[in-house]
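Architecture and fold: a report
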Amino acid sequence: MASPGSGRDKPWMMRTYSGHTSARASNRLYRTNLAKGQTGLSIAFDLPTQTGYDPDAPEAAGEVGKVGVPVVHRGHMAELLHDIPLGDMNTSMTINATAAWLLGLYIAYAEDTGIDRRVLQGTTQNDIVKEYLSRGTYIFPPAASRRLIVDMIAYTVREVPKWNPINVCSYHLQEAGATPVQEIAYALATAVGVLDAVRDSGKVDPSEIPAVVGRMSFFVNAGIRFVEETCKVRALTRMWDRICLERYGVEDPKLRRFRYGVQVNSLGLTEAQPENNVPRIVLEALGVTLSRDARARAIQLPAWNEALGLPRPWDQQWSLRIQQILAYETDLLEYADIFEGSTVIEAKTAGLAEAAGEELEDVLAMGGAFEAVDELKRRLVRSQAERVRRIETGELLVVGVNSFTETEPSPLEIAYEGESTILKVDPAAEAQLRADVGTWRAQRDTAAVEAALSELRRVAADEDENLMPATIALAHVGGTTGEWAGALREVFGEYRAPTGVSGGVGLRGAELAGVRDRARLLAEHRGGPPRLLVAKPGLDGHSNGAEQIAVAARDAGFEVVYQGIRLSPEQIAVAARDEDVDVVGISILSGSHLELVPEVLDRLRVAGVDAPVVVGGIIPAEDAEVLRGKGVAAVYTPKDFQMGRIMDELVTLVEHRRNGTHGATP
C-alpha cells in the first residue's frame, strides 16, 4: 500500500476519445495528444465503420467522418497508426459489431510492419448487448454476434495474449438511464453471458478459462453523485471477484481483478451554461479515482462542449490536463484506500451489491443478458423516463438547466477570431473517401479478395470454425469494411433491436394533463387523436431522445409511430404517408442534420405529405436557422428538457394543420 513518504502509485492510463474526418487527420490528432502527455490511444470510429458500410454505400451518405474516423481497409489502418509505436502502445477501439474486422486490420498492419501480434496491447469494446440496449451500432442477431465475440476471445487468448478482446460496457447503460443497480447487474449479466458461451463453445480448453477471465475488461460510467459512484465501483469489484471464483473457478486473485476503464458521464453535460460541465467532469473523475482498491486503470474524460458539438483539439487538451492535475498535483496517489473502515461507504457498497445481485439473478433467470434484451430495454427506457420526469418537475436539480438559470454570457461560447467553438468536419471529406475507396478497389488483386470473401462466408456458416483467421486474411488482401460485413450479413442476416418504448409510458400524470385534454378534444372533434411519427434517419443509433419523445407523446394522448433507428429518408416518407401522421419528428445526434433533414423534407414532398416537421438533436444555433429556412417548423436541442412544453407545441402544430393553418409555428 502506498503511503506518504513511501512513493506514489502509478497513475492510470490517460486517454482522450478522438477521431474524425479521415485516417490522416486523426493520426495528426493522436500524435499531438501523445506529445501532450496522453499515455494511450482511444479511437472513435465513424458510424459507417461501426455499422459495416463503406463510404460509397448509400446508407453511409452524410455520415462519413462525422463522429469518428472512417477506416475502410488496411491502407487506412496504416495511415491511422503512422509513426505511432504500435509495439509499445495500448490502443482502445470503440468498436462493436465490426470489432473482429477492425482487430483483423490492426493485426494485419502489425504483421505488415514486422510487429509480433503477441506483443499487441489494447482493447476492443465488443459488447453487443449494450448496443441493442442503448447505443445502436449493432448489425447481426444476438446469437451470431455472440459467436463473433467467442471467436475473438478464443483467438486472442492464444494468439494475442495481451489483448482485451471485449470491454463490457456499463457506460452506455447509464447513458440510457440505468440506475447504479441496473448498471452493475446488466454489465455483469453480459460478462457472464459471454464467459458461459466461451466455456461451452469447445473453442478453448478448460485450462484456458482462467486466462480468458483475466483478459475480460469493463468500461464504466461515473456520474455526478461521486460518493455513490465510488461505492458502485467498489461493489462491482467485490461482485466480479466472487463471480470469477465461484462460477468459473479462477483461483488466482490477479486474474479475478475487476479491470476497468472509464469515461465519465456525458448524459449530464449541459448545453445551457456549458462552463458548468468542467466541475462536473472533475467531480465525476473523483468517483473512480478516490478509492485505491477500486481505482480505474484507464480514464478518458469528455470535453466541456460535447453537448454543443464535436470538441476541438484544445477542448480535448483541457480534459487531458484535468487528469494530469489529479494525478500529478494532488496527493490522490499517495495513500492506501482512504475509505477502508468507513461504515458509510461500506453500508452503501453492501446495499448496492445486494440489490444488484438480486437484479442479476433476475436477468439470469430470464436466460441471461442476450436472451433478455427486450425486457432489459423496457426497464432502461422506464428508468430514463423517470429521470427526465424528475428533471422536468424540479425533483432532480441540474444547475443552469432547471435551477440557477440566470447567467452572464459564457466567454467559452464566443468564437475567437472567427473560429467556431466546436470542430466542424469538412463536407468535402466524404467525397474524397468515396474516391479513395474506388481507387483502392481498382488497385488490389480482385481474385484474391473474392477468394478471401468466399472463405469468410464458408467459415461463418460453420459454428465449429473460428472467424478470426479468415478475417485477418481478408484484411491482408485488401478487403473493405463493407465487404466483410456484407459477407457476414449474407450468412447471419440483420437484426432490429426492440425500442422499449412501452416500458416508459404512464409515468406522467399531472404534468401533461392540460396537453392531454387538448389531444382528447382533437380526437373527439377533429379526426381522431393527434398522430406523431418519431423517426431516426441515417446510422445514428443513440435513441434516448427519440424514445423519450415517443414515451411523453403517448402519455400526452398522441398515437405514436416509432419504428426504431436507422431508417432511410424514403422509409420515413412512406411511413408518414401510410400512417397519415400530423407531425413528423426527426432525431439526429450524429451531426448529419444538414445532410439528412433536407433529404427527408424532399422525400416527404414527393410522397405528398404536408405534415409539419420538427427536428431534435445536438444542433448548433446557426444550423437550426438553416433548417428553419428549409421549412422545419421547430428545432429542439438538449436544453429543451420540458416535455410538457414540447408536447404542448406539438399539439399546437396538429391544431394548425387540421384547421388548415399548418404554416404556423408553435
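Residues numbered from 1 in each chain as written. Predicted model: local features only at pLDDT ≥ 70, side-chain atom pairs only at ≥ 80, totals over all residues. Heavy atoms only, no water.

**Some thoughts on helix α13 (residues 343-365)**
It helps to recall that an α-helix has 3.6 residues per turn; residues three or four apart then point in one direction. The line we're drawing: Each helix corresponds to a stretch of at least 4 residues labelled H or I by DSSP, and each strand to a stretch of at least 2 residues labelled E; elements are numbered beginning at the N terminus. One less than the residue count of a helix, multiplied by 1.5 Å, gives the span that helix is expected to have. Relative accessible area decides the class of each residue, using a 1.4 Å probe on protein chains only: under 20% of the type maximum gives buried, over 50% gives exposed, and in between gives partly exposed. Residues count as neighbours in contact if any of their non-hydrogen atoms are within 4.5 Å of one another.
Relative to the 33 Å expected for 23 residues at 1.5 Å per residue, α13 spans 33 Å between its end C-alpha atoms, a close match to the ideal helical length. Within α13 the residues assigned to the buried category are I345, T349, L352, A353, A356, G357, E359, L360 and V363. Where the residues of α13 are buried, they touch α8 (180-201), α10 (226-246) and α14 (373-393). Immediately beyond the C-terminal end of α13, within one or two residues, lies G367, with a positive phi of roughly 110 degrees.

**Details of the environment of D252**
Cut-off, in case you're wondering: Side-chain atoms alone can form a polar contact between residues adjacent in sequence; in general such a contact is a pair of N or O atoms within 3.5 Å, and within protein one must be able to donate a hydrogen while the other accepts it.
With respect to the helices and strands, the residue D252 is situated in the loop between α10 and β9 (260-264). The class of D252 is partly exposed, set by a relative accessible area of 34%. In this structure the C-alpha to C-alpha distance between D252 and E111, which are 141 residues apart in sequence, comes to 32 Å. Of the polar contacts made by the side chain of D252, one reaches the backbone nitrogen of K254; its length is 2.9 Å.

**A word on the confidence of the model for the protein**
Operational definition: As a per-residue measure, pLDDT reflects the predictor's confidence and takes values from 0 up to 100.
Per-residue confidence for the protein averages 94 on the pLDDT scale, and 98% of its residues sit at or above 70. A low-confidence stretch, residues 1-5 (pLDDT under 50), is modelled with 15 contacts involving residues beyond four sequence positions or located in other chains.

**What to know about the sheet that holds strand β2 (residues 17-18)**
As a reminder of what qualifies: We call two strands paired when DSSP finds no fewer than two bridges between them. With axes taken as lines fitted to C-alpha atoms, and helix axes fitted only over the stretch in contact, angles between N-to-C directions fall between 0 and 180 degrees.
On the basis of which strands lie adjacent, the open sheet formed by 5 strands has the order β2-β3-β4-β5-β6 and parallel pairing. Edge strands, defined here as strands with exactly one partner in the open sheet, are β2 and β6 (163-164). Set on the sheet, helix α1 (residues 23-35) makes contact with β2 and β3 (41-44); between it and β3 the angle comes to about 155 degrees.

**Considering the sheet that holds strand β13 (residues 583-588)**
Two pairing modes exist for strands in a sheet, parallel and antiparallel, and in both the strands are linked by backbone hydrogen bonds. Spatial strand order, β12-β11-β13-β14-β15: 5 strands in an open sheet with parallel pairing. The sheet terminates laterally at β12 (559-562) and β15 (634-636), the two strands that pair on one side only. For this sheet, the mean inter-axis angle between neighbouring strands, taken without regard to orientation, is 20 degrees. Relative to strand β14 (residues 613-617), β13 runs parallel, the two sharing 5 bridges. Each residue of the ladder has a partner; that of S587, found in β14, is G616. Helix-sheet contacts for helix α21 (residues 569-579) involve β11 (531-535), β12 and β13, and the interaxial angle to β11 is about 170 degrees.

**So, the pattern of salt bridges**
Rule in force here: Here, a salt bridge means any side-chain nitrogen of Lys or Arg that lies within 4 Å of a carboxyl oxygen of Asp or Glu.
On inspection of all chains with the given rule, the structure shows 55 salt bridges. Salt-bridge contacts for R444 lead to E483; the nearest nitrogen and oxygen are separated by 2.6 Å. Here R444, found in the loop between α15 (428-443) and α16 (446-460), pairs with E483, found in helix α18 (residues 481-492); they are 39 residues apart in sequence, far enough to count as distant. With respect to burial, R444 and E483 carry one shared label: buried. Two residues, E655 and R518, come together in a salt bridge whose shortest N-O distance is 2.7 Å. With E655 in helix α24 (residues 643-658) and R518 in helix α19 (residues 513-525), this residue pair connects regions lying 137 residues apart in the sequence. Through salt bridges with shared partners, a single network forms among R531, D580, D582, D610, R657 and R658.

**Comments concerning the packing of aromatic side chains**
Filter applied, for reference: Any pair of Phe, Tyr and Trp rings, taking the six-membered ring for Trp, is counted once the centres come within 6.5 Å. Such a pair is stacked with planes under 30 degrees apart, edge-to-face with planes over 60 apart, and tilted for the rest. Should the NZ of a Lys or the CZ of an Arg lie within 6 Å of a ring centre and within 35 degrees of the ring normal, that charge is described as sitting over the ring.
Throughout the structure, instances matching the rule amount to 12 aromatic pairs. Judged by centre distance (4.9 Å) and plane angle (65 degrees), the ring pair of Y132 and Y495 falls under edge-to-face. Taken together, the positions of Y132 in helix α5 (residues 128-135) and Y495 in the loop between α18 and α19 put the pair 363 residues apart, joining distant regions of the chain. Judged by relative accessible area, which is 2%, Y132 ranks as buried. Each ring, one from F140 and one from F492, has its centre 5.6 Å from the other, and the planes form 80 degrees; the classification is edge-to-face. Of this pair, F140 sits in the loop between α5 and α6 (142-159) while F492 sits in helix α18, placing them 352 residues apart in sequence. Accessibility assignment for this pair places F140 and F492 in one class, buried. Here the basic side chain of R489 rests over the ring of Y53, its NZ or CZ set 4.4 Å away from the ring centre. One residue, R566, lies across the ring of Y138, its end atom 4.8 Å from the ring centre.

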